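Residue-level structural notes
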Amino acid sequence: MPDEPLVLGIETSCDETGVGIVRGTTLLADAIASSVDEHARFGGVVPEVASRAHLEAMVPTIERALKEAGVSARDLDGIAVTAGPGLAGALLVGVSAAKSYAYALGKPLYGVNHLASHICVDQLEHGPLPEPTMALLVSGGHSSLLLAPDITSDVRPMGATIDDAAGEAFDKIARVLHLGFPGGPVIDRLAREGDPAAIAFPRGLTGPRDAAYDFSFSGLKTAVARWIEAKRNAGEEVPVRDVAASFQEAVVDVLTRKAVRACKDEGVDHLMIGGGVAANSRLRALAADRCERAGIRLRVPRPGLCTDNGAMVAALGAEMVARNRSASDWQLSADSSLPVTEPHVPSHDDSGHAHGGRDDGGDDRGEHGHGGHGDGGHGHGGHGHDHLHELSKENLYSMRPRHV
């Protein structure tokens, strides 16, 4: 509807430059520029390569999203950006760009949490989130069970990985099998032709005395790698499809088992699954089966919305605007370890005023004269705006700790 907030979201936590535009809970544009091919030859994401790729892709991706949505930047009601967690340099590029656009356009700025955004994106496909929402987030960097009574202000960690995240384990096993990077999609594809019961790989942290909702995939990864090594040392052929299927089954078995248990224990009758590994076909199928048998409604966004994208950031930003949450101010900085308990980073005085607009810029410049870092993000997102020099570099690219 026209009176719903129109928000642009910027996501740069890892190797994908994502820009999304939503109106309320309606997705208008989802533009992505991925640098995954540049990292493939290294077998994993290289932070410096990712940061430079974001610098090059930012402005063209924003322009592409605005064109796709059929709106002007001046039509926006706010700009949201991932403030953390993620790679520090990559986050800084996105935060710097968001500050530049927000200041130039006189729009409020919302620094939001990457993990909370992964939950909120489901609104774009299945409508408003139930409250509370139980969410299982699985990706290359995170494996978490979260309870969210209010996605904009109250997200509670139930459990998390104590070592390797699920997606990280997929990448490492793919490397051992010489399948390339990223490992998730190729293992998923090969596993469909293999036997998931062929090899009895261990299920981590599933004993009676283990933490009920925490995850551990390091032991599984080691067990799989040693099994493959033993086969090779014996001169035997490694049954790649059976290994992929058995490994994948061990991962998704634990993930879905603990997620359903958390729902039952907390009396929540639905489960949302997000993050890059949520695109895995076996995870979706097993979760659907177990949720149906437990009387739990399953909500999983389409695969394109599970991986990192700007739409999820815009979705959470729009929810912030709709619920009148306070905007961030010019001290917003990239926080690589931003806790999930902080769905967004409000202004320092938390007064509810939108400090992201140009009208507040004069006061903020006079009050906060902190030295800044992150010189690698110069001029980002501000092309064509002659008055941007009025905002000091110290504030625009400030990396001063938020907690003072």
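Residues numbered from 1 in each chain as written. Predicted model: local features only at pLDDT ≥ 70, side-chain atom pairs only at ≥ 80, totals over all residues. Heavy atoms only, no water.

1. A few points about the packing of helix α6 (residues 166-176) against helix α8 (residues 218-233)
- Where α6 meets α8, the axes come as close as 10 Å, and the angle between the chain directions of the two elements is 10 degrees. Taken together, the axes of α6 and α8 are roughly parallel relative to one another. In contact with Lys172, Ile173 and Val176 of α6, α8 contributes Lys221, Val224, Ala225, Ile228 and Arg232.
- Partitioned by chemical class, the residues of the contact of α6 with α8 number five nonpolar, no polar and three charged. (Axes fitted to C-alpha atoms, helices over the stretch in contact; angles between N-to-C directions. Helix = DSSP H or I, 4+ residues; strand = E, 2+ residues; numbered from the N terminus. Parallel < 35°, antiparallel > 145°, perpendicular 65-115°, else oblique. Contact = heavy atoms within 4.5 Å. Nonpolar A, V, L, I, M, F, W, Y, C, P; charged D, E, K, R; others polar.)

2. Topic: the packing of aromatic side chains
- Across all of its chains, the model carries four aromatic pairs by this definition.
- Consider the rings of tyrosine 103 and tryptophan 330, whose centres lie 5.5 Å apart with planes at 70 degrees: the pair is edge-to-face. You can see tyrosine 103 sitting in helix α3 (residues 88-105) and its partner tryptophan 330 sitting in the loop between α12 (310-322) and β11 (344-345), a full 227 residues away along the chain. Both residues of the pair, tyrosine 103 and tryptophan 330, count as buried.
- Between phenylalanine 215 and phenylalanine 217, the ring centres sit 6.3 Å apart and the planes meet at 10 degrees, which makes this aromatic pair stacked. Of the two residues, phenylalanine 215 and phenylalanine 217, both sit in the buried class.
- Directly above the ring of phenylalanine 215 sits lysine 258, whose terminal nitrogen or CZ lies 5.9 Å from the centroid. (Phe/Tyr/Trp six-rings, centres within 6.5 Å; stacked < 30°, edge-to-face > 60°. Buried < 20%, exposed > 50% of the residue type's maximum accessible area, 1.4 Å probe, protein only. Lys NZ or Arg CZ within 6 Å of the ring centre and 35° of its normal.)

3. A few points about the nonpolar core
- Ranked by size, the top nonpolar core spans 49 residues in total, and within it Leu136, Phe247, Leu255, Leu271 and Ile273 carry the most contacts.
- Secondary-structure elements contributing two or more residues to this core are β6 (133-138), β7 (143-150), α6, α7 (184-191), α8, α9 (240-266), β9 (270-274) and α10 (281-294). (Core = buried A, V, L, I, M, F, W, Y, C linked by side-chain atoms within 4.5 Å.)

4. A word on the pattern of salt bridges
- Counting across every chain of the model gives 20 salt bridges.
- Its salt-bridge partner being arginine 299, residue aspartate 122 comes within 2.5 Å of it at the nearest N-O pair. Taken together, the positions of aspartate 122 in the loop between α4 (114-120) and α5 (123-126) and arginine 299 in strand β10 (residues 297-299) put the pair 177 residues apart, joining distant regions of the chain. Like arginine 299, aspartate 122 is buried.
- Two residues, arginine 290 and aspartate 253, come together in a salt bridge whose shortest N-O distance is 2.8 Å. (Salt bridge = Lys/Arg side-chain N within 4 Å of Asp/Glu carboxyl O.)

5. Observations regarding the sheet that holds strand β4 (residues 78-84)
- In spatial order, the strands read β3-β2-β1-β4-β5-β11; together these six strands make up an open sheet with mixed pairing. Taken across any chain shown, the strands that pair with only one partner, and hence form the sheet edges, are β3 (26-34) and β11.
- Bridge analysis of strand β2 (residues 16-23) against β3 gives eight bridges, and the strand direction is antiparallel. What sits directly across from threonine 17, in β3, is alanine 33.
- Those strands touched by α12 are β1 (6-11), β2, β3, β4, β5 (109-113) and β11, and its axis lies near 135 degrees from that of β1. (Pairing = 2+ DSSP bridges.)

6. Re the side chain of aspartate 164
- Considering the arrangement of structural elements, one finds aspartate 164 in the loop between β8 (154-160) and α6.
- The buried category is assigned to aspartate 164, whose relative accessible area is 8%.
- Looking at aspartate 164, its side chain comes within polar contact range of the side chain of lysine 172, at 3.4 Å.
- In this structure the side chain of aspartate 164 is engaged in a polar contact, spanning 3.3 Å, whose partner is the side chain of lysine 221.
- Look past the residues within four positions of aspartate 164 in its chain and what remains in contact with it is Lys172, Phe217, Ser218 and Lys221. (Polar contact = N/O pair within 3.5 Å; in protein donor to acceptor, adjacent residues only side chain to side chain.)

7. A word on the confidence of the model for the chain
- Mean pLDDT over the chain works out to 87, with 86% of the residues at or above the 70 mark.
- Low pLDDT (under 50) marks residues 351-404, which in the prediction has 108 contacts with non-local residues, meaning those over four places away or in another chain. (pLDDT = per-residue confidence, 0-100.)

8. Re the sheet that holds β7
- Taken together, five strands build an open sheet; the order of strands is β8-β7-β6-β9-β10 and the sheet is mixed. Two strands lie at the open edges of the sheet, namely β8 and β10, each paired on one side alone. Ignoring strand direction, the axes of neighbouring strands in this sheet form an average angle of 25 degrees.
- Note: β7 against β8, five bridges, orientation antiparallel. Note that in β8 the partner of aspartate 150 across the bridge is aspartate 154.
- Of the strands in this sheet, β6, β7, β8 and β9 are in contact with α9, which crosses β6 at around 165 degrees.

9. Focus on the pairing of β4
- With respect to burial, β4 is a largely interior element, seven of its seven residues being buried.
- With four bridges connecting them, β1 and β4 associate as parallel partners. Note that in β4 the partner of valine 7 across the bridge is glycine 78.
- Pairing of β4 with β5, which is carried by five bridges, proceeds in the parallel orientation. Paired with valine 81 across the two strands is glycine 111, which belongs to β5.

10. A closer look at α10
- An ideal rise of 1.5 Å per residue puts 20 Å on 14 residues; α10 measures up with 20 Å between its terminal C-alpha atoms.
- Among all positions of α10, only Leu283, Leu286, Ala287 and Cys291 are buried. Taken down its axis, α10 places every buried residue within 130 degrees of arc, on the same side. Facing away from the buried side of α10, by more than 90 degrees, are the exposed residues Glu292 and Arg293.
- Those residues of α10 that are buried are in contact with β6, α9, β9 and β10.
- The backbone nitrogen of arginine 282 has a side-chain oxygen 3.0 Å away, supplied by the residue at the start of α10, namely asparagine 280.
- Of the residues one or two after α10, glycine 295 is the one with positive phi, at around 70 degrees. (Expected span 1.5 Å × (residues − 1). Arc of directions from axis to C-beta.)

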